[in-house]
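Summary of structural features
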Amino acid sequence: MRVQVNGTSLYVDVEGAALEPDGYTMREKPTLLLLHGGPGHDHSIFKPAYGRLADLAQIVYVDQRGNGRSQDSDPATWNLDQWGDDVRALCDTLGIVKPIVLGWSWGGAVAMSYASRHPDHPAKLILQSTVARWELDRIVEGFRAEAGEEAATAAKAFLTEGTPETFAAFGQHCAPAYSPDPGFPAESDIQAMARMIPNLGLTMSFMSTARFDLTARLASIRCPALVVAGARDPITPLSTAREIVEGLPGARLEVFERSGHFIPDTEGERFFSLLRSFITG
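Residues numbered from 1 in each chain as written. Predicted model: local features only at pLDDT ≥ 70, side-chain atom pairs only at ≥ 80, totals over all residues. Heavy atoms only, no water.

Focus on the packing of aromatic side chains
- Under the counting rule described, the total for this entry stands at 19 aromatic pairs.
- Taking 6.0 Å as the distance between ring centres and 55° as the angle between the ring planes, the aromatic pair formed by F46 and W104 counts as tilted. On the criterion of sequence distance, the pair formed by F46 in the loop between β5 (31–35) and β6 (58–63) and W104 in strand β7 (residues 100–104) is long-range, its members being 58 residues apart. Judged on exposure class, the residue F46 and its partner W104 are both buried.
- Measuring from ring centre to ring centre gives 5.8 Å for W83 and F206, while their planes differ by 65°; the resulting arrangement is edge-to-face. Within this pair, whereas W83 is found in helix α1 (residues 80–94), its partner F206 is found in helix α7 (residues 200–209), the two being separated by 123 residues in sequence. Across the pair, F206 and W83 agree in class, each one buried.
- The lysine or arginine in question, K124, covers the ring of F278, its NZ or CZ lying 5.2 Å from the ring centre. (Phe/Tyr/Trp six-rings, centres within 6.5 Å; stacked < 30°, edge-to-face > 60°. Helix = DSSP H or I, 4+ residues; strand = E, 2+ residues; numbered from the N terminus. Buried < 20%, exposed > 50% of the residue type's maximum accessible area, 1.4 Å probe, protein only. Lys NZ or Arg CZ within 6 Å of the ring centre and 35° of its normal.)

Below, the structure is given as structure tokens:
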């Protein structure tokens, strides 16, 4: 379905009921709002894996402004403050109170922007493989450590130039390093990428020009937060997760030693067990 939010139309999908029969009453489940990565990707990366949480929470998927099926908006509004405000406005429009918001990768930066600008709104945050501060050298070193000099060179070129040529080289040399699993990308990853409706212009422009720093805003976030990181992640290295935890009061860090950026692929059972415990805790 499409929902009008802050002057644009966002594509939204919902999995599971908010109210379920429980004997003589109806039991209300929390809402889990999922923010995809990118930018320039869409919500399909979460399907079907995250659907296993629908017995605990009603899951709301959204293609964020400028992304996926929600591309028809003014590019001048494609920034972290606006994306964060869209989360609040979407919840207000749908009547969602105290959501649990999970942001993966760039979606985690959106989640931190939202929670810092609207600190009384979220019930909980799950920050998966993400960064609060964009630092080029740290990312380049992450790719050098995981995939060598050629990948580091390709990463630096793409993250400073953002051309179709550097994007193609990044895909060739850097994308395989997103996970240390020799089976990566798995068939499910290939299928997910094929299902995605990309906005390559947004990806290239944002990744090559955005230099954001949300660290000073983390102290204003008041809700419980779970920070999840892969020890072998080149694009959002473990140091970025530790930086978030240092600045976010009471945040809990869980490190997945065998994982890169795609934790559900490599340590899925532990990952989803952790999410289930945090959602219900």
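Digging into the confidence of the model for the protein chain
- Within the protein chain, residue pLDDT values average 96, and 100% of them lie at 70 or more.
- Element-level pLDDT for the protein chain is lowest in helix α6 (residues 187–195), with a mean of 88, against a maximum mean of 99 in β5. (pLDDT = per-residue confidence, 0-100.)

Considerations on the side chain of S105
- Among the structural elements, S105 can be located in the loop between β7 and α2 (106–117).
- Setting aside its immediate chain neighbours within four residues, S105 contacts G37, Q128, S129, T130 and H261. (Contact = heavy atoms within 4.5 Å.)

Things to note about the pairing of β6
- The element β6 is largely enclosed, with a buried count of six among its six residues.
- Of the two faces of β6, the one lined by Q58, V60 and V62 and the one lined by I59, Y61 and D63 are each fully buried.
- Across five bridges, the pairing between strand β2 (residues 8–15) and β6 is antiparallel. Across the sheet, the residue bridging to V12 is V62, located in β6.
- The pairing of β5 with β6 spans five bridges and is parallel. Bridge pairing in β6 places L34 opposite Y61. (Pairing = 2+ DSSP bridges.)

Regarding the packing of helix α3 (residues 136–147) against helix α4 (residues 149–161)
- Remark: α3 packs on α4, axes separated minimally by 7 Å, with the N-to-C direction vectors making an angle of 150°. Taken together, the axes of α3 and α4 are roughly antiparallel relative to one another. As α3 packs across α4, the resulting crossing turns out to be right-handed. Listed contacts from α4 to L136, I139, V140, F143, R144 and A147 of α3 are E149, A151, A152, A155, K156, L159 and T160.
- For the contact of α3 with α4, a count of residues per class yields nine nonpolar, one polar and three charged. (Axes fitted to C-alpha atoms, helices over the stretch in contact; angles between N-to-C directions. Parallel < 35°, antiparallel > 145°, perpendicular 65-115°, else oblique. Left-handed = near helix turned anticlockwise from the far one by under 90°. Nonpolar A, V, L, I, M, F, W, Y, C, P; charged D, E, K, R; others polar.)

A few points about the nonpolar core
- By size, the foremost hydrophobic cluster in this structure holds 89 residues, and its most contacted members are Y50 and F143.
- Counting residues per element, this core draws most heavily on α2, at seven residues. (Core = buried A, V, L, I, M, F, W, Y, C linked by side-chain atoms within 4.5 Å.)

Some remarks on the pairing of strand β4 (residues 25–28)
- Note: strand β3 (residues 19–22) against β4, four bridges, orientation antiparallel. Within the sheet, the bridge partner assigned to D22 lies in β4 and is T25.
- Linkage of β3 to β4, two consecutive antiparallel strands, is achieved through a turn of two residues, within which G23 is found at a positive phi near 65°.

Some points on the UniProt feature "domain: AB hydrolase-1" (unreviewed entry) in the protein chain
- Sites flagged by UniProt as "domain: AB hydrolase-1" (unreviewed entry) map to residues 30–265.
- Between the C-alpha atoms that bound residues 30–265 the distance is 25 Å, and the span itself is 40% helix and 14% strand. (UniProt positions renumbered as here; feature names shortened; annotations may be inferred.)

A word on unusual backbone geometry
- In this chain, K47 is followed by P48 through a cis amide linkage whose omega measures 0°.
- Geometrically, the link from F184 to P185 is a cis peptide bond, its omega value of -5° lying close to zero.
- Tracing the backbone through its elements, the reader meets P185 in the loop between α5 (164–173) and α6.
- Positive phi values are uncommon outside glycine, yet K98 reaches one of about 50°.
- By the element assignment, K98 lies in the loop between α1 and β7.
- Assessed through its relative accessible area of 41%, K98 is described here as partly exposed.
- Here the phi dihedral of S129 falls at roughly 50°; this positive angle occurs in a residue that is not glycine.
- Note on placement: S129 falls in the loop between β8 (124–128) and α3.
- Residue classification places S129 among the buried residues on the basis of a relative accessible area of 1%.

As for the pattern of salt bridges
- Summed over the entire model, instances satisfying the criterion amount to 22 salt bridges.
- With a shortest N-O distance of 2.6 Å, K47 and D13 are connected by a salt bridge. Taken together, the positions of K47 in the loop between β5 and β6 and D13 in strand β2 put the pair 34 residues apart, joining distant regions of the chain.
- Owing to a relative accessible area of 25%, K47 belongs among the partly exposed residues under this scheme.
- For R270, the salt bridge identified is with E254, shortest N-O distance 2.9 Å. In this pair, R270 is assigned in helix α10 (residues 268–280) and E254 in strand β10 (residues 252–256), connecting sequence segments 16 residues apart.
- The exposure class assigned to E254 is buried, which follows from its relative accessible area of 18%.
- Among the ionic contacts, a cluster of salt bridges with common partners joins D81, D85, R117 and R217. (Salt bridge = Lys/Arg side-chain N within 4 Å of Asp/Glu carboxyl O.)

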